[in-house]
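# Notes for the structure review
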Amino acid sequence: MSKSKILSISALLTINSLALALAQPDFGIAETTTVTDGYQVPWGIEVISDTEYLFTERHGQLFHYLDDVVTEVSGLPETLYKPADNWGAGGLMDVSLHPQYATNGLVYIAYDSRDNGRLRFNVARFKLDGNKATNLEVIVTEEGIFSEGSRIAWQDGRHFFASVGIGGDPCPDPGADNLESVKGKILRFMADGSIPADNPFLDGAGNSTSIWSYGHRNVQGLYFEETSGRLYASEHGPWGGGEINRIEAGQDHGWPRFSYGLNYESTDCSSVVTPISEDEARATTVMPSFHWKAKARVGPSGLMKISNSNFTEWNCETCFLVGSMSYQPTPSDPQSTALLWVNLATGEYKPVLKNIGRLRDVAQLPSGDLLILVDQHSPNRGDSGRIIKLSRKDAS
């Protein structure tokens, strides 16, 4: 079974202006119910059915939810999590089901590890036997790499994409446009972890590599549209400048040479690398399909198409939901700690659920209801990490 995060976009318009319209939010539609709590950083979720799903805890655990009972999955590899404040980085990130999960039972995970002091980014696959991971294979290992954030998306039953995120303060980390490194890239693999022969050939990268696209900072949402063959990503800027991108194979997506965001100390990102203007960026890189302004407190995270949910007011063929990972809402940034609705065709966006906490991922159940994953200590200090179900208040 593939992720419910699948976007079908037939008329995507590039939104270039910083003056994006903030529509009046349509409150009162969603009723929230806590499904399970007591976690720290629940990071990724994969829906199997209305009553069964898998979700990760960034500190290294995978949980199996089945008929209101949550059990930790045993037999997983050791992961590396780097604490920072309440959330940190790395660890066990995404979980993904092979598109033919119903017949082959394969589950994929993306995670960081350390072996003999050496950092590694990995993708592993296994089969779930009750609540135990069996036949585990580490199919991708990128030596010397620590990913700040990673998502997995399936192109078809033979190929998948995986993102490798970096951060940086000041913002430029030289890895994103260095083709000798997978840092700041979206990678493409065969289902067994081998490199497809038809991956892009990139000058400076030698023979065909796993790199599908480059110039990314920290991709936190990935999703593939099967009918058009398009890949979409939500990506962290530094301070503001978060993006939603339509990914182009073999192309530079701008980081760190150009960003709409700022360094954390409020200086221009381009001041510490060879700067290029917005016009130069348009001519030489793939510009975002949608972006937030500098200093906007968004931190876009998990991404999903919203076209056939129970929330009919939110559904459209160019609309999707994205989480916001900022800490607390402010009057000037009402989208902070929110579930955001974005229409790529019009550039319209709005918070459809505010002050909910740092939202990591969003998924749709077969019934049409939604699930969201929320960090601990958000929006209130004493809150635990949790999964929340969104249903219509007026549902009969």
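Quick note: structure is the one above.
Calculation criteria
- Residues numbered from 1 in each chain as written.
- Predicted model: local features only at pLDDT ≥ 70, side-chain atom pairs only at ≥ 80, totals over all residues.
- Heavy atoms only, no water.
- Helix = DSSP H or I, 4+ residues; strand = E, 2+ residues; numbered from the N terminus.
- Buried < 20%, exposed > 50% of the residue type's maximum accessible area, 1.4 Å probe, protein only.
- Contact = heavy atoms within 4.5 Å.
- Pairing = 2+ DSSP bridges.
- Disulfide = S-S within 2.5 Å.
- Phe/Tyr/Trp six-rings, centres within 6.5 Å; stacked < 30°, edge-to-face > 60°.
- Salt bridge = Lys/Arg side-chain N within 4 Å of Asp/Glu carboxyl O.
- Core = buried A, V, L, I, M, F, W, Y, C linked by side-chain atoms within 4.5 Å.
- Axes fitted to C-alpha atoms, helices over the stretch in contact; angles between N-to-C directions.
- 1 Å grid on protein atoms, 1.4 Å probe; cavity = no way out; pocket = protein on both sides within 12 Å on 5 of 7 lines; lining within 4 Å.
- Points joined across faces, edges and corners; volume = space filled by probe spheres on them.
- Nonpolar A, V, L, I, M, F, W, Y, C, P; charged D, E, K, R; others polar.

Here we come to the overall build of the chain. When its secondary structure is counted, the chain shows two helices and 26 strands. With 396 residues in all, the chain has 59% of them scored as buried. A separation of at least 24 residues holds for 59% of the contacts in the chain among residues at least 6 apart in sequence.

Further remarks concern the sheet that holds strand E16 (residues 218-225). Strand order across the open sheet formed by four strands is E16-E17-E18-E19, with antiparallel pairing between neighbours. Edge strands, defined here as strands with exactly one partner in the open sheet, are E16 and strand E19 (290-291).

On to the state of the cysteines. Applying the stated rule across the entire model yields one disulfide. In this model, Cys316 is linked to Cys319 through a disulfide, with the two sulfur atoms separated by 1.8 Å. Its S-S torsion of approximately 90 degrees makes the covalent link between Cys316 and Cys319 right-handed. Under the relative-accessibility criterion, Cys319 is labelled buried at 1%.

Summarising burial for strand E25 (residues 370-374): five of the five residues are buried, a large majority. Between strand E24 (residues 359-364) and E25, which follow one another and run antiparallel, lie five residues, and Gly368 among them has a positive phi close to 100 degrees. Pairing of E25 with strand E26 (residues 385-392), which is carried by five bridges, proceeds in the antiparallel orientation. By the bridge assignment, Leu370 is partnered in E26 with Leu390.

Attention shifts here to the packing of aromatic side chains. By the definition in use, this model includes 17 aromatic pairs. A centroid spacing of 6.1 Å and a plane angle of 75 degrees characterise the contact between Trp292 and Tyr349, whose relative ring orientation is edge-to-face. Separated by 57 residues along the polypeptide, Trp292 in the loop between E19 and strand E20 (300-305) and Tyr349 in strand E23 (residues 348-353) bring together distant segments of the chain. Residue Trp292 shares its accessibility class with Tyr349, and that shared class is buried.

With that settled, the discussion passes to the pattern of salt bridges. Overall, the coordinates contain 15 salt bridges when judged by the stated rule. Salt-bridge contacts for Arg246 lead to Glu248; the nearest nitrogen and oxygen are separated by 3.2 Å. A relative accessible area of 28% means that Glu248 is categorised as partly exposed. Salt bridges here are not isolated pairs; linked through shared partners, they connect Asp115, Arg118, Arg120 and Glu143.

Along the chain, the position of Ser391 falls in strand E26. Ser391 sits in the buried class, given a relative accessible area of 16%. What Ser391 contacts, discounting residues up to four positions off in sequence, is Ile29, Ala30, Glu31, Phe311 and Asp369.

With that settled, consider the nonpolar core. Ranked by internal contacts, the top residues of the largest apolar core, which has 35 residues, are Trp292, Trp314, Leu321, Leu339, Ile372 and Leu390. Of all elements in the fold, only E20, strand E21 (319-324), strand E22 (339-343), E23, E24, E25 and E26 reach the threshold of two or more residues within this core.

So, about the sheet that holds E20. Overall, antiparallel pairing links the four strands, which are arranged E20-E21-E22-E23 in an open sheet. In this open sheet, the two strands that pair with only one neighbour each are E20 and E23. Averaged over all adjacent pairs, the angle separating strand axes in this sheet is 25 degrees, with direction ignored. Pairing geometry for E21 and E22, over five bridges, is antiparallel. Counterpart to Cys319 in the pairing with E22 is Asn343.

What follows deals with empty space enclosed by the protein. Following the criterion strictly, the structure yields four cavities of 30 Å³ or more and no others. Approximately 50 Å³ is the volume found for the second largest cavity. Lining the second largest cavity, in full, are Gly215, Arg217, Glu235, His236, Gly237, Pro238, Gly241, Glu243, His253, Trp255, Phe258 and Ser259. For the lining of the second largest cavity, a count of residues per class yields three nonpolar, six polar and three charged.

Nothing here speaks to function; it is all geometry.
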